[in-house]
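Chain by chain, the residues:
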Amino acid sequence: MLKRLETLFLEMDRAYAAVADQYGFRCDGCADNCCLTRFHHHTLLEYLYLVEGMRTLESGVRRTLQKNASAVSACMSAADGCDETLRIMCPLNRDGWCSLYRYRPMICRLHGIPHELQRPGGGIIKNPGCNPFLERCRESGKTDYIRFDRTPFYRQMAMLERDLRRETGYTEKLRLTIAQMLVTIMDSGNEIN
Ligand code: SF4
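Below: a short report on this structure. (Residues numbered from 1 in each chain as written. Predicted model: local features only at pLDDT ≥ 70, side-chain atom pairs only at ≥ 80, totals over all residues. Heavy atoms only, no water.)

1. Structural notes on the packing of aromatic side chains
Each pair of aromatic rings is reported with the distance of its centres and the angle of its planes.
Thinking step 1. Under the counting rule described, the total for this entry stands at 6 aromatic pairs.
Thinking step 2. Measuring from ring centre to ring centre gives 5.7 Å for Phe9 and Tyr49, while their planes differ by 50°; the resulting arrangement is tilted. Taken as a pair, Phe9 in helix H1 (residues 2-23) and Tyr49 in helix H2 (residues 44-55) lie far apart in primary sequence, 40 residues in all.
Thinking step 3. Take Phe9: its relative accessible area is 2%, and that puts it in the buried class.
Thinking step 4. Ring geometry for Tyr23 versus Phe133: centroids 4.8 Å apart, planes at 85°, classification edge-to-face. You can see Tyr23 sitting in helix H1 and its partner Phe133 sitting in helix H5 (residues 131-140), a full 110 residues away along the chain. Each of the two residues, Tyr23 as well as Phe133, counts as buried.
Thinking step 5. Three or more aromatic residues link up through ring pairs in this structure, and these residues are Phe9, Tyr49 and Tyr103.
Thinking step 6. Over the ring of Tyr101 we find Arg104, and its NZ or CZ is 3.7 Å from the ring centre.
Thinking step 7. Over the face of the ring belonging to Phe9 we find Arg109, whose NZ or CZ atom lies 4.1 Å from the ring centre. (Phe/Tyr/Trp six-rings, centres within 6.5 Å; stacked < 30°, edge-to-face > 60°. Helix = DSSP H or I, 4+ residues; strand = E, 2+ residues; numbered from the N terminus. Buried < 20%, exposed > 50% of the residue type's maximum accessible area, 1.4 Å probe, protein only. Lys NZ or Arg CZ within 6 Å of the ring centre and 35° of its normal.)

Structure representation (structure tokens):
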């Protein structure tokens, strides 16, 4: 199943790069770092892929990342209910770079450029892209929307997740930040030694 996910991620990366190239947009780091955003991830598949990624790291690095994750997770829990807009760096980000770039979840791969998404019940949600993207477009004068539809990727992800859950019998609903995923890996005894 993880091979199928890898193939899907490859397709996503290619489609994203093709549109980003047309804009002349390249993400090379910015103050408005999207790794500061509190993204939630909902699939067992992405969780297992992250576990796979953690296995590729040297044990000292893994321990450091998991320690960071515990601290970030505690900080987020403490802020719950009083600061919804808390921005705190993802524990996988080290010196501006994702330690598990190849294994990062879908939302990290698709963030940045403008996109659209078809609602399951009808209608289309449109998003203008991240702030640095918009600033660069304003500077370059390239403001026309180039169509990037996330819907097929979301659908394929949902199908893979459905197949995985059928295979494994796993039924829990998931809503986890990266920090919570790393803590869950430790707590579940999946800690990788
Ligand atoms: S998983 Fe990687 S790309 Fe995604 S928020 Fe964390 S550091 Fe950034």
